[in-house]
Amino acid sequence: MVLLCDGHAHLCNLEEIEERKNKYIKTALSGTTKEECERIEVLKKESSLFISTYGLHPWNSQKLSLDELMPYLEKVSVIGEIGMDSVWCDVPLSLQREIFVAQLELARKRNIPVVLHTKGQEKEVFSCIKSYSIPFLVHWYSCDNYLEQYKKKDCYFTIGSDVGWNTTVQNVVKTIDIKRLLVETDGWDALLWAAKERGQSQENDFSIAKALSNSIAYIAKIKGMTWEKTGEQIFYNFCQFYGEKV
């Protein structure tokens, strides 16, 4: 039996959380504010299905201080998502970079992995991480450039739910070894966004499990593998990166 895993997600609604529990979906939940981190801490106590990753997201880097999240960053086993973004936010890049590098230094000091956000700043983010020897997971990479640099650094990559139609994301699957691929939803709202981008309506059977299963199917097709073997490898990759028992 292939167990489903979600390599990167944000909290949304109770229905989504219950589905993850009922379908036994191992999930890495990203907390980017004190409130989110507290909610995730509660969920972790309720179920071992949930893993926490905490970090000051570039979108929030002008609203929050690093000190506010430091109690969570000092105890979490994976920092993220962190990075830089010039597409979906207008926070000064100099401030984003300062906060990003500070969190990289914390991860280096604690020798723990990092989940990266790179939107529009793929080149700059790589220049920041290239000297670090800690593991990196690149979240939903959707850029036609710089992929080879991240590949040579042996980064892991999460594949988003647009893999069925986004040729740039499909190229990530083609380029990166199956042993470095995970699947992600990015949370319920991101799934709805991806469906809207493709012109799909919200179906009654729209679900976290279905989205993850479909992503595995697309990866399997591109890699010339069975769904079962692909799902098993992705679950193993998830456990390897997040330090979970297989």
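Scroll up to find the structure this text is about.
Residues numbered from 1 in each chain as written. Predicted model: local features only at pLDDT ≥ 70, side-chain atom pairs only at ≥ 80, totals over all residues. Heavy atoms only, no water.

*Asks:* What is the right way to read the nonpolar core from this model?
*Replies:* In globular proteins that are soluble, nonpolar side chains generally tend to be buried together. Counting residues in each nonpolar core, the largest one holds 79 residues, and the members touching the most others are Y150, F157 and Y242. Each residue touching Y242, except ones within four places of it in the same chain, is listed here: G7, A28, I51, T53, V78, V115, L137 and L182. (Core = buried A, V, L, I, M, F, W, Y, C linked by side-chain atoms within 4.5 Å. Buried < 20%, exposed > 50% of the residue type's maximum accessible area, 1.4 Å probe, protein only. Contact = heavy atoms within 4.5 Å.)

*Asks:* Explain the pattern of salt bridges here, please?
*Replies:* Close approach of charged atoms allows side chains of opposite charge to pair. Counted under the stated rule, the structure contains 10 salt bridges. Of the charged contacts in the structure, one is a salt bridge between K26 and E244, with a shortest N-O distance of 3.0 Å. Taken together, the residues span a long stretch of sequence, with K26 in strand β2 (residues 26-31) and E244 in the segment after α10 (227-242) at a distance of 218 residues. Among the charged side chains, a network of salt bridges with common partners joins D6, E16 and R20. (Salt bridge = Lys/Arg side-chain N within 4 Å of Asp/Glu carboxyl O. Helix = DSSP H or I, 4+ residues; strand = E, 2+ residues; numbered from the N terminus.)

*Asks:* I tried to follow the environment of V78 on my own but got confused; where do I start?
*Replies:* Position of V78 among the secondary structure elements: in the loop between α3 (66-73) and β4 (79-83). In the structure, V78 is positioned 34 residues away from I112 in sequence and 5.8 Å away in space, judged by C-alpha atoms. Setting aside residues no more than four positions away along its own chain, V78 makes contact with S52, T53, Y54, I112, P113, V114, V115, F241 and Y242.

*Asks:* Explain the layout of surface pockets to me, please; I cannot follow it from the model alone.
*Replies:* Taking a probe equal in size to a water molecule and rolling it over the atoms shows the remaining empty space. The computed volume of the largest pocket comes to approximately 620 Å³. For the largest pocket, the lining is made up of 25 residues, of which W59, W88, H139, D186 and A190 are closest to its centre. In terms of residues, the lining of the largest pocket owes the most to one element, helix α8 (residues 188-197), which gives 4 residues. Its residues assigned to classes, the lining of the largest pocket comprises 9 nonpolar, 10 polar and 6 charged. (1 Å grid on protein atoms, 1.4 Å probe; cavity = no way out; pocket = protein on both sides within 12 Å on 5 of 7 lines; lining within 4 Å. Points joined across faces, edges and corners; volume = space filled by probe spheres on them. Nonpolar A, V, L, I, M, F, W, Y, C, P; charged D, E, K, R; others polar.)

*Asks:* Hey, could you run me through the packing of aromatic side chains in this one?
*Replies:* Each aromatic ring pair is characterised by the separation of its centres together with the angle its planes make. Inspection of the entire model under this criterion finds 8 aromatic pairs. With a centroid separation of 5.2 Å and 70 degrees between ring planes, the pair formed by F126 and Y150 is classed as edge-to-face. Within this pair, whereas F126 is found in helix α5 (residues 122-129), its partner Y150 is found in helix α6 (residues 147-152), the two being separated by 24 residues in sequence. In terms of burial, F126 and Y150 fall into one category: buried. Taken together, the aromatic side chains of F126, Y141, Y150 and F157 make up a single cluster linked through ring pairs. Residue placement shows R180 over the ring face of Y156; its charged tip is 4.4 Å from the ring centre. (Phe/Tyr/Trp six-rings, centres within 6.5 Å; stacked < 30°, edge-to-face > 60°. Lys NZ or Arg CZ within 6 Å of the ring centre and 35° of its normal.)

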